[in-house]
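Structural overview
Residues per chain, in single letters:
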Amino acid sequence: QVQLVESGGGLVQAGGSLRLSCAASVGTFSTYAVAWFRQAAGKEREFVAYVDRSGTNTNYADSVKGRFTISRDDAKNTVYLQMNSLKPEETAVYYCAAVQWGSAVINAARTYGYWGQGTQVTVSS
(Lines give C-alpha, C1' and ligand atoms only; values in the text may rest on other atoms or scores of the structure.)
Protein backbone atom coordinates (compact mmCIF):
# COMPACT_ATOMS: atom_id res chain seq x y z
CA GLN A 1 0.00 0.00 0.00
CA VAL A 2 1.35 3.40 -1.02
CA GLN A 3 0.38 6.61 0.70
CA LEU A 4 1.08 9.88 -1.10
CA VAL A 5 1.08 13.27 0.60
CA GLU A 6 1.28 16.48 -1.41
CA SER A 7 2.53 19.78 -0.04
CA GLY A 8 3.72 23.13 -1.28
CA GLY A 9 0.50 24.59 -2.60
CA GLY A 10 -0.63 28.10 -1.81
CA LEU A 11 -1.47 31.50 -3.17
CA VAL A 12 0.82 33.07 -5.74
CA GLN A 13 0.55 35.97 -8.13
CA ALA A 14 0.44 35.42 -11.86
CA GLY A 15 3.96 34.93 -13.16
CA GLY A 16 5.13 33.52 -9.87
CA SER A 17 6.50 30.13 -8.94
CA LEU A 18 5.70 27.28 -6.61
CA ARG A 19 7.29 23.93 -5.95
CA LEU A 20 5.00 21.06 -5.06
CA SER A 21 6.21 17.96 -3.27
CA CYS A 22 4.74 14.48 -3.21
CA ALA A 23 6.07 12.31 -0.41
CA ALA A 24 5.50 8.56 -0.59
CA SER A 25 5.38 6.15 2.31
CA VAL A 26 6.71 3.04 0.62
CA GLY A 27 10.07 1.34 0.75
CA THR A 28 10.18 0.51 -2.96
CA PHE A 29 9.42 3.97 -4.30
CA SER A 30 11.87 3.48 -7.15
CA THR A 31 9.51 0.90 -8.65
CA TYR A 32 6.75 3.48 -9.08
CA ALA A 33 6.18 5.90 -11.91
CA VAL A 34 4.58 9.13 -10.72
CA ALA A 35 2.44 11.80 -12.33
CA TRP A 36 0.87 15.09 -11.40
CA PHE A 37 -2.71 15.92 -12.31
CA ARG A 38 -4.81 18.95 -11.55
CA GLN A 39 -8.50 19.63 -11.25
CA ALA A 40 -10.04 23.06 -11.39
CA ALA A 41 -13.47 23.70 -9.92
CA GLY A 42 -16.16 22.34 -12.21
CA LYS A 43 -13.67 20.76 -14.59
CA GLU A 44 -12.32 17.30 -15.20
CA ARG A 45 -9.01 16.17 -13.78
CA GLU A 46 -6.23 16.73 -16.29
CA PHE A 47 -2.74 15.41 -16.74
CA VAL A 48 0.13 17.77 -15.99
CA ALA A 49 3.44 15.88 -15.85
CA TYR A 50 4.98 12.42 -15.55
CA VAL A 51 8.28 10.90 -14.46
CA ASP A 52 9.22 7.28 -14.94
CA ARG A 53 10.75 4.97 -12.37
CA SER A 54 14.30 5.88 -13.25
CA GLY A 55 13.68 9.60 -13.32
CA THR A 56 15.24 9.89 -16.76
CA ASN A 57 12.05 10.03 -18.82
CA THR A 58 9.52 12.78 -18.34
CA ASN A 59 6.42 13.94 -20.15
CA TYR A 60 4.38 17.11 -19.92
CA ALA A 61 1.04 18.45 -21.00
CA ASP A 62 1.52 20.88 -23.87
CA SER A 63 0.13 23.69 -21.76
CA VAL A 64 2.95 23.47 -19.20
CA LYS A 65 5.95 22.56 -21.36
CA GLY A 66 8.85 24.88 -20.76
CA ARG A 67 7.39 26.19 -17.50
CA PHE A 68 6.96 23.12 -15.28
CA THR A 69 9.61 20.59 -14.32
CA ILE A 70 8.99 17.24 -12.68
CA SER A 71 11.77 15.44 -10.83
CA ARG A 72 12.25 12.77 -8.22
CA ASP A 73 14.55 12.03 -5.32
CA ASP A 74 14.21 8.37 -4.43
CA ALA A 75 16.45 8.76 -1.40
CA LYS A 76 13.72 10.99 0.02
CA ASN A 77 10.81 9.09 -1.53
CA THR A 78 9.67 12.38 -3.02
CA VAL A 79 8.61 13.71 -6.39
CA TYR A 80 8.64 17.43 -7.10
CA LEU A 81 6.81 19.68 -9.50
CA GLN A 82 8.51 23.02 -10.05
CA MET A 83 5.99 25.44 -11.54
CA ASN A 84 7.14 28.72 -13.05
CA SER A 85 5.31 31.54 -14.81
CA LEU A 86 2.03 30.45 -13.31
CA LYS A 87 -1.22 31.65 -14.85
CA PRO A 88 -4.57 32.35 -13.17
CA GLU A 89 -6.22 29.60 -15.22
CA GLU A 90 -3.89 27.11 -13.54
CA THR A 91 -5.70 27.57 -10.25
CA ALA A 92 -6.66 24.04 -9.22
CA VAL A 93 -6.15 21.25 -6.78
CA TYR A 94 -2.98 19.44 -7.75
CA TYR A 95 -2.72 15.70 -7.15
CA CYS A 96 0.17 13.31 -7.38
CA ALA A 97 -0.50 9.75 -8.46
CA ALA A 98 1.60 6.61 -8.67
CA VAL A 99 1.61 3.30 -10.49
CA GLN A 100 4.00 0.46 -9.84
CA TRP A 101 6.22 -0.50 -12.76
CA GLY A 102 4.70 2.18 -14.94
CA SER A 103 2.32 1.97 -17.87
CA ALA A 104 2.15 2.73 -21.55
CA VAL A 105 -0.71 5.17 -20.96
CA ILE A 106 0.85 7.81 -18.77
CA ASN A 107 -1.59 10.69 -19.15
CA ALA A 108 -4.79 8.93 -18.09
CA ALA A 109 -6.01 9.09 -14.52
CA ARG A 110 -7.24 5.50 -14.75
CA THR A 111 -3.64 4.29 -15.03
CA TYR A 112 -2.79 5.28 -11.48
CA GLY A 113 -3.91 3.27 -8.50
CA TYR A 114 -2.55 5.51 -5.79
CA TRP A 115 -3.46 9.14 -5.23
CA GLY A 116 -2.70 11.82 -2.73
CA GLN A 117 -5.28 14.06 -1.13
CA GLY A 118 -4.31 17.06 -3.24
CA THR A 119 -2.90 20.50 -2.56
CA GLN A 120 -4.58 23.75 -3.57
CA VAL A 121 -2.77 26.12 -5.90
CA THR A 122 -4.34 29.52 -6.38
CA VAL A 123 -2.90 31.95 -8.91
CA SER A 124 -4.16 35.50 -8.59
CA SER A 125 -4.27 37.92 -11.51
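For the structure, check the block above.
The structure presented is a predicted model; accordingly, all values stated were derived computationally and were not measured.

Considering all chains together, one arrives at 5 salt bridges under this definition. A salt bridge links Arg38 to Glu46; the shortest N-O distance between them is 2.6 Å. Exposure remark for Arg38: the relative accessible area of 6% places this residue in the buried category. Linked through salt bridges whose partners overlap, the residues forming this network are Arg38, Glu46, Arg67 and Glu90.

We now examine the nonpolar core. Soluble globular proteins: nonpolar side chains tend toward being buried together. In terms of nonpolar packing, the biggest core is built from 39 residues, with Trp36, Phe68, Leu81, Met83 and Tyr94 touching the most fellow members. Those elements that provide at least two residues to this core are strand 3 (18–24), strand 4 (32–39), strand 5 (46–51), strand 7 (68–73), strand 8 (78–83), strand 9 (92–100) and strand 11 (119–124).

About the thresholds
- The residue numbering used here restarts from 1 in each chain and proceeds along that chain's sequence as written.
- Where local features are concerned, this predicted model is filtered to residues with pLDDT of at least 70; where side-chain atom pairs are given and counted, the filter is 80 or more; whole-chain, interface and lining totals use all residues.
- Think of the side-chain values as coming from all heavy atoms in the structure, minus any hydrogens and water.
- The salt bridge criterion pairs a side-chain nitrogen of Lys or Arg with a carboxyl oxygen of Asp or Glu, the two atoms within 4 Å.
- Three exposure classes are used, based on accessible area relative to the maximum for each residue type with a 1.4 Å probe and protein chains only: buried under 20%, partly exposed in between, and exposed over 50%.
- For our purposes a nonpolar core is just a set of buried Ala, Val, Leu, Ile, Met, Phe, Trp, Tyr and Cys residues, chained together by side-chain atoms within 4.5 Å.
- The numbering of helices and of strands both runs from the N terminus, where a helix is a DSSP run of H or I of at least 4 residues and a strand a run of E of at least 2.

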